[in-house]
Amino acid sequence: MLHTLSLPNLSPTKTKTPNSNRNPSSSSSPLYIKFRTSHRDNLRYLKALGIILNPTKPHNNNNNNNNNNKKKKNINLSSTDTNTINHIIATVDFLKSKGFTESDFPRLAFLCPQLFSTNFDPTDFTPVFDFLATKLPATTEESRSLILHCPHILFSDVEFCLQPTLDYLRQLGLEKLNSPSNLNAHLLNTRAEKLREKIGFLRSIGFSQEEAARACVRMPAMFGYSIDNNLWPKFKYLVDNMERSVEELKKFPQYFGFSLEKRIAPRHLHLKERNVRIPLNRILLWGDEKFYAKWK
């Protein structure tokens, strides 16, 4: 990291003479001293940003042992030579030039430590920033927020992932994808093939192409749900246990957004015991207090 220090001219005062031929600029120009931050200061700076860790400080505590294999560690302080540090500093400077602030880096380093790996040049991320700015399009602040929600989007290929996904989402009718939400960030970073799988599932249970597209526009979070562990079990419960039709699901696709164990099944059983049958949306949309007060 290069710094510049400006100092006033400290040359002794000389008596002016009529024949003096001094260069006026030489006495009025400040002096500049350029120096590089020490390796230790750079380490301290990156540690403050949360990008590197002390070798004695574990990244995961004992309470998170089940997640140890899922989370990558930040860069270890003991493995950072001068070249590595300079590379990380360059990456930090690049991201700052794109609107990121120092308060953003702990989150970036935690969610996506490979951003600061020497395997990637920071300019490799330029196509993604250009895509967000011109194709989405998003403002600098919107792009920053989308990336903070899903830093891995910076590693996505524009031609083979981001652009086809954007085109498909627009084809379905989704709008305002530049809005910096967690959902939009992850949708943009999902391959179009994965999105089509959810449409295919809805088609398989009785939706038309148009109905499936309309349902996903109303409930875009559905694109992030597992078919085997979420969508299919809820559909089976709807048909087999609740004895509801697909037509009700078409009217209320938000059904898929509720917990089967904590919301859908308990409320269905509560109403069944009282021989009450009401529309699907009334079963699920009301808060617990209102629902159970109404159907005592």
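Refer to the structure above for everything that follows.
Residues numbered from 1 in each chain as written. Predicted model: local features only at pLDDT ≥ 70, side-chain atom pairs only at ≥ 80, totals over all residues. Heavy atoms only, no water.

Chemist: How would you explain the packing of helix α2 (residues 39–48) against helix α3 (residues 82–97) if you had to name every residue and give the values?
Modeler: As a packed pair, α2 and α3 sit with axes 11 Å apart at the nearest point and diverge in direction by 50°. If you check the angle between α2 and α3, you find them oblique. Between α2 and α3 the crossing geometry is left-handed. Here α2 contributes His-39, Asn-42, Leu-43, Tyr-45 and Leu-46 to the contact with α3, which in turn contributes Thr-82, Ile-85, Asn-86, Ile-88, Ile-89, Val-92 and Lys-96. Residue composition of the contact of α2 with α3, by class: 7 nonpolar, 4 polar and 1 charged. (Axes fitted to C-alpha atoms, helices over the stretch in contact; angles between N-to-C directions. Helix = DSSP H or I, 4+ residues; strand = E, 2+ residues; numbered from the N terminus. Parallel < 35°, antiparallel > 145°, perpendicular 65-115°, else oblique. Left-handed = near helix turned anticlockwise from the far one by under 90°. Contact = heavy atoms within 4.5 Å. Nonpolar A, V, L, I, M, F, W, Y, C, P; charged D, E, K, R; others polar.)

Chemist: Residues and numbers for the nonpolar core, please.
Modeler: By size, the foremost hydrophobic cluster in this structure holds 79 residues, and its most contacted members are Leu-46, Ile-51, Phe-116, Leu-202, Tyr-255 and Phe-256. In terms of residues, this core owes the most to one element, α3, which gives 6 residues. In this structure Leu-46 touches Ile-51, Ile-52, Ile-85, Ile-88, Ile-89 and Val-92, once residues within four positions along its chain are discounted. (Core = buried A, V, L, I, M, F, W, Y, C linked by side-chain atoms within 4.5 Å. Buried < 20%, exposed > 50% of the residue type's maximum accessible area, 1.4 Å probe, protein only.)

Chemist: An account of the environment of Ala-265 is requested, with residue identities and associated values reported.
Modeler: Note that Ala-265 resides in helix α13 (residues 260–273). Relative accessible area serves as the criterion here: at 15%, Ala-265 is assigned to the buried category. For the pair Ala-265 and Tyr-237, spaced 28 residues apart in sequence, the C-alpha separation works out to 8.2 Å. Leaving out residues up to four positions away in the same chain, Ala-265 has contacts with Tyr-237 and Leu-260.

Chemist: Tell me about the packing of helix α11 (residues 227–241) against α13, and please be specific about residues and values.
Modeler: Remark: α11 packs on α13, axes separated minimally by 12 Å, with the N-to-C direction vectors making an angle of 5°. Judged by the angle between their axes, α11 and α13 are roughly parallel. Across the interface between the two elements, Pro-233, Lys-234, Tyr-237 and Asn-241 of α11 pack against Leu-260, Ile-264, Ala-265, His-268 and Leu-269 of α13.

Chemist: Describe in detail the pattern of salt bridges, supporting the description with residues and values.
Modeler: Scanning all chains against the criterion turns up 11 salt bridges. Its salt-bridge partner being Asp-104, residue Arg-144 comes within 2.8 Å of it at the nearest N-O pair. A residue pair is termed long-range when its members are at least 10 positions apart, and Arg-144 in helix α6 (residues 140–149) and Asp-104 in the loop between α3 and α4 (105–111) qualify at 40 residues. In this structure, Glu-141 and Arg-144 form a salt bridge, with 2.6 Å as the shortest nitrogen-oxygen distance. In this pair, Glu-141 and Arg-144 both sit in helix α6, 3 residues apart, roughly one turn of the helix. A single network of salt bridges, built from pairs that share partners, joins Asp-104, Glu-141 and Arg-144. (Salt bridge = Lys/Arg side-chain N within 4 Å of Asp/Glu carboxyl O.)

Chemist: Give me α3: which residues, what numbers.
Modeler: When the terminal C-alpha atoms of α3 are compared, their 23 Å separation across 16 residues agrees well with the 22 Å that a helix rising 1.5 Å per residue should span. For α3, the N-terminal cap is Asp-81; the gap from its side-chain oxygen to the backbone nitrogen of Asn-83 is 3.3 Å. Once α3 finishes, Gly-99 follows within two positions and takes phi at roughly 105°, a positive value. (Expected span 1.5 Å × (residues − 1). Polar contact = N/O pair within 3.5 Å; in protein donor to acceptor, adjacent residues only side chain to side chain.)

Chemist: Talk me through the side chain of Lys-198; I want residue IDs and the actual numbers.
Modeler: Examined against the element boundaries, Lys-198 turns out to sit in helix α9 (residues 192–204). Despite its burial, Lys-198 pairs with no opposite charge; the closest candidate is Glu-197, at 4.6 Å N-O. At a separation of 3.4 Å, a polar atom in the side chain of Lys-198 contacts the main-chain carbonyl oxygen of Phe-223. (Lys, Arg positive; Asp, Glu negative; His and termini not counted.)

Chemist: Tell me about the packing of aromatic side chains, and please be specific about residues and values.
Modeler: The tally for this structure, following the rule as stated, stands at 10 aromatic pairs. Their ring planes at 55° and their centres at 6.3 Å tell us that Phe-105 and Phe-116 sit as a pair that is tilted. Placement of Phe-105 in helix α4 and of Phe-116 in the loop between α4 and α5 (126–134) is noted, with a sequence separation of 11 residues between them. The exposure class of Phe-105 is buried, given its relative accessible area of 0%. Plain terms: the ring middles of Phe-120 and Phe-155 are 4.8 Å apart, the flat faces sit at 65° to each other, and that makes the pair edge-to-face. With a gap of 35 residues between them, Phe-120 in the loop between α4 and α5 and Phe-155 in the loop between α6 and α7 (158–172) connect regions that are remote in the sequence. Given a relative accessible area of 28%, Phe-120 falls into the partly exposed group. Overall, the relative accessible area of 28% leaves Phe-155 in the partly exposed class. Taken together, the ring pairs in this structure connect Phe-94, Phe-100 and Phe-129 into an aromatic cluster. (Phe/Tyr/Trp six-rings, centres within 6.5 Å; stacked < 30°, edge-to-face > 60°.)

Chemist: Describe the environment of Ser-145, naming the residues involved and giving the relevant values.
Modeler: Tracing the sequence through the fold places Ser-145 in helix α6. In this structure Ser-145 comes out as buried when scored by relative accessible area, which is 15%. Sequence separation of Ser-145 and Asn-178 is 33 residues, and the distance between their C-alpha atoms is 9.8 Å.

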